[in-house]
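Listed here are the chains, written in short residue letters.
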Amino acid sequence: GDGTENNPYLIATAQHLQNMRTLNWSQTETNPYYFKLTADIDMAGQNWGPLNNVDPYAKYLHFDGDGHIIKNLKVAKSAYGSLFGVLFGSCKNLGLVNADIESSNGGGAFAGYLGLRSPDKPAKIGILENCFSTGKVSGTDAVGGLVGNLGKPNGTNVSRISNCFSVAAVTATSTGSSKARAGGIVGIIYDGGKVENCFASGKIVSNTSSGKGAGGVVGWADSKFKGLVAFNESVSNVGGGTAGRISSAMGLVNGIIAQGENCWASEKVVVSKNGTPVPSGSYVTGEVTVKETAFDGETKTAAFLQDMNNYSSVLQWELGPNKPWASTTNTKGLPVLQWLFLRGDYENYY
């Protein structure tokens, strides 16, 4: 390929992936590169540093996994530890399996920043869709199973995460003045960023006592989100700060507290603060009326969550051929991305 939309660079090996670094990225703000995976890739034994984690973060791209996975991606402690670092552009239809990510600040399997916190140009937004991750992610402040920080819009150009899931374990640690916001999908959603139709099932840990802590799906939200589901085995803030099944804390922007719309949590999710379980009677399941309060979503039984018709009729998830989600769950009762279902080996990634 030549890196254009109609003739993308084709990636079939670990060396091809490494070769992304050798390209001339100087003109990609106006002419982003396009990439497409043509095979599963095993990164075992490979050293990988985030592709775009050095100021001025001048690499712009669109990456299509085309229903393939990258497994055993290991990132040693680095700024915006992740596959991409700061992702300007998009990534879709990709699984990161058995990822091992350590970040010196905000980090995630796919990106430390998806878009920019305050994008000054339309090109500086990011989109992640139809993707998933397994493994573990650790860092400081904003850490997510997929993305550390989700940036603000630029005009009508909006950074978003949609139709994704993560089973990765997420750990956020505060150091010095840093916070520790951990989320199964994303660490921080800045005002105007969108997260919709996603679920998380990994173990979430934060160690902060600052009031900003562990969320099953979202660490901290300054923006409304919808259609999120928490299946996490545990969500814990070992420092005693906030913890919630969906989000650890809902921020206040321009006098408006962020809200969750149509969000669910499995009855099996256990939330704890400083080693003490949060009683179910304390869960915030409806409108959030106090800023920086955790949000827990509606409690649902395992039987309810195994019926994909509920996701379609209530959450408006799109199911079936040529849609993001399959019409069935796996043997653990978790939703399956349609492209992953078509691979036939989807049971291996939960």
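The coordinates are above.
Before going further, it helps to examine the side chain of Thr329. Secondary-structure assignment places Thr329 in strand S31 (residues 325–329). Relative accessible area serves as the criterion here: at 13%, Thr329 is assigned to the buried category. Non-local contacts of Thr329, meaning those with residues more than four positions away in its chain, are made with Leu305, Gln306, Met308, Leu334, Pro335 and Val336.

Among the structural elements, Asn330 can be located in the loop between S31 and strand S32 (335–337). Looking at Asn330, its side chain comes within polar contact range of the main-chain nitrogen of Lys332, at 3.0 Å. At 2.8 Å, the side chain of Asn330 forms a polar contact with the backbone nitrogen of Leu334. Those residues in contact with Asn330 that sit more than four places away from it in its chain are Val336, Tyr346, Glu347 and Tyr350.

Glancing now at the packing of aromatic side chains. Summed over all chains, the structure comprises 23 aromatic pairs. Here the aromatic rings of Phe132 and Trp339 are separated by 5.8 Å at their centres, their planes lie at 35 degrees, and the arrangement is tilted. Placement of the pair is Phe132 in strand S9 (residues 132–139) and Trp339 in helix H4 (residues 338–343), with a sequence separation of 207 residues. The two residues Phe132 and Trp339 agree in class, both being buried.

The space that makes up the largest pocket amounts to roughly 230 Å³. Lining the largest pocket are 13 residues, with Phe231, Ser266, Lys268, Lys332 and Leu334 positioned closest to its centre. For the lining of the largest pocket, the residue count by class is five nonpolar, five polar and three charged.

What follows deals with the state of the cysteines. Evaluation of the coordinates by the stated rule reveals zero disulfides. Here Cys131 stays unpaired: no disulfide links it, and the sulfur of Cys91, its closest cysteine neighbor, is 4.1 Å away. A relative accessible area of 0% means that Cys131 is categorised as buried.

In this section: the pattern of salt bridges. Within the structure shown, the criterion is met by ten salt bridges. In this structure, the salt-bridge partner of Arg181 is Asp141, at a minimum N-O distance of 2.8 Å. With Arg181 in strand S15 (residues 180–183) and Asp141 in strand S10 (residues 141–144), this pair connects stretches of sequence that are 40 residues apart. Judged by its relative accessible area of 23%, Asp141 falls in the partly exposed class. With a shortest N-O distance of 3.0 Å, Arg343 and Asp345 are connected by a salt bridge. Note on Arg343: relative accessible area 26%, which makes it partly exposed. If you follow the salt bridges from partner to partner, you end up with Asp40, Arg343 and Asp345 in one network.

Bridging between strand S6 (residues 86–103) and strand S7 (residues 111–114) involves two bridges; their strand directions are parallel. Bridge assignment links Val86 to a residue of S7, and that residue is Tyr113. Examined bridge by bridge, S7 and strand S11 (residues 147–150) share three bridges and lie parallel to one another. Each bridged residue has a counterpart across the sheet, and for Ala111 the counterpart in S11 is Val147.

Criteria and cut-off values
- Residues numbered from 1 in each chain as written.
- Predicted model: local features only at pLDDT ≥ 70, side-chain atom pairs only at ≥ 80, totals over all residues.
- Heavy atoms only, no water.
- Helix = DSSP H or I, 4+ residues; strand = E, 2+ residues; numbered from the N terminus.
- Buried < 20%, exposed > 50% of the residue type's maximum accessible area, 1.4 Å probe, protein only.
- Contact = heavy atoms within 4.5 Å.
- Polar contact = N/O pair within 3.5 Å; in protein donor to acceptor, adjacent residues only side chain to side chain.
- Phe/Tyr/Trp six-rings, centres within 6.5 Å; stacked < 30°, edge-to-face > 60°.
- 1 Å grid on protein atoms, 1.4 Å probe; cavity = no way out; pocket = protein on both sides within 12 Å on 5 of 7 lines; lining within 4 Å.
- Points joined across faces, edges and corners; volume = space filled by probe spheres on them.
- Nonpolar A, V, L, I, M, F, W, Y, C, P; charged D, E, K, R; others polar.
- Disulfide = S-S within 2.5 Å.
- Salt bridge = Lys/Arg side-chain N within 4 Å of Asp/Glu carboxyl O.
- Pairing = 2+ DSSP bridges.

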